[in-house]
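Given next are the chains, with one letter for each unit.
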Amino acid sequence: MNEAQRIQLNVRVMKDTSDKLDEIVEYYQENTKVGRVYKGDVLTDIIEKSYEIMQKQKKLNR
């Protein structure tokens, strides 16, 4: 993704949530072959997948 298309989000989350994100990043790192995995990449992946699911559910509810 082009750096100009990226924005920075500053959010506060519970320590437990941050720990879970660290664990997910570690899991991605160990189980994918894309090289270095960053928290932002993992969050983007989670959001994209959740968005796709939401769109499918919205279509089914019409």
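As a reminder, the structure under discussion sits directly above these lines.
Before going into details, it helps to say that this report is about the structure given with it. (Residues numbered from 1 in each chain as written. Predicted model: local features only at pLDDT ≥ 70, side-chain atom pairs only at ≥ 80, totals over all residues. Heavy atoms only, no water.)

**Concerning the packing of helix 1 (residues 15–31) against helix 2 (residues 39–60)**
When two helices pack together, their arrangement is given by the angle between their axes and by how far apart the axes lie.
So, step 1. Packing of helix 1 against helix 2 brings their axes to within 10 Å, and their N-to-C directions diverge by 95°. In terms of axis orientation, helix 1 runs roughly perpendicular to helix 2. Here helix 1 contributes S18, L21, D22, I24, V25 and Y28 to the contact with helix 2, which in turn contributes K39, V42, L43, D45, I46 and K49. (Axes fitted to C-alpha atoms, helices over the stretch in contact; angles between N-to-C directions. Helix = DSSP H or I, 4+ residues; strand = E, 2+ residues; numbered from the N terminus. Parallel < 35°, antiparallel > 145°, perpendicular 65-115°, else oblique. Contact = heavy atoms within 4.5 Å.)

**Looking at the environment of Q8**
So, step 1. Within the secondary structure, Q8 is located in the segment before helix 1.
So, step 2. In this structure Q8 comes out as exposed when scored by relative accessible area, which is 65%.
So, step 3. The spatial distance from the C-alpha of Q8 to the C-alpha of G40 is 9.4 Å, given a sequence separation of 32 residues.
So, step 4. Polar contacts involving the side chain of Q8 include one to the side chain of N10, which spans 3.0 Å. (Buried < 20%, exposed > 50% of the residue type's maximum accessible area, 1.4 Å probe, protein only. Polar contact = N/O pair within 3.5 Å; in protein donor to acceptor, adjacent residues only side chain to side chain.)

**A few points about the nonpolar core**
The nonpolar side chains of soluble globular proteins are, as a tendency, buried together.
So, step 1. Residues L21, V25, Y28, V37 and V42 constitute the largest nonpolar core, which totals five residues.
So, step 2. In terms of residues, this core owes the most to one element, helix 1, which gives three residues.
So, step 3. Apart from the residues lying within four places of it in its own chain, the contact partners of V37 are V25, Y28, Q29, T32 and V42. (Core = buried A, V, L, I, M, F, W, Y, C linked by side-chain atoms within 4.5 Å.)

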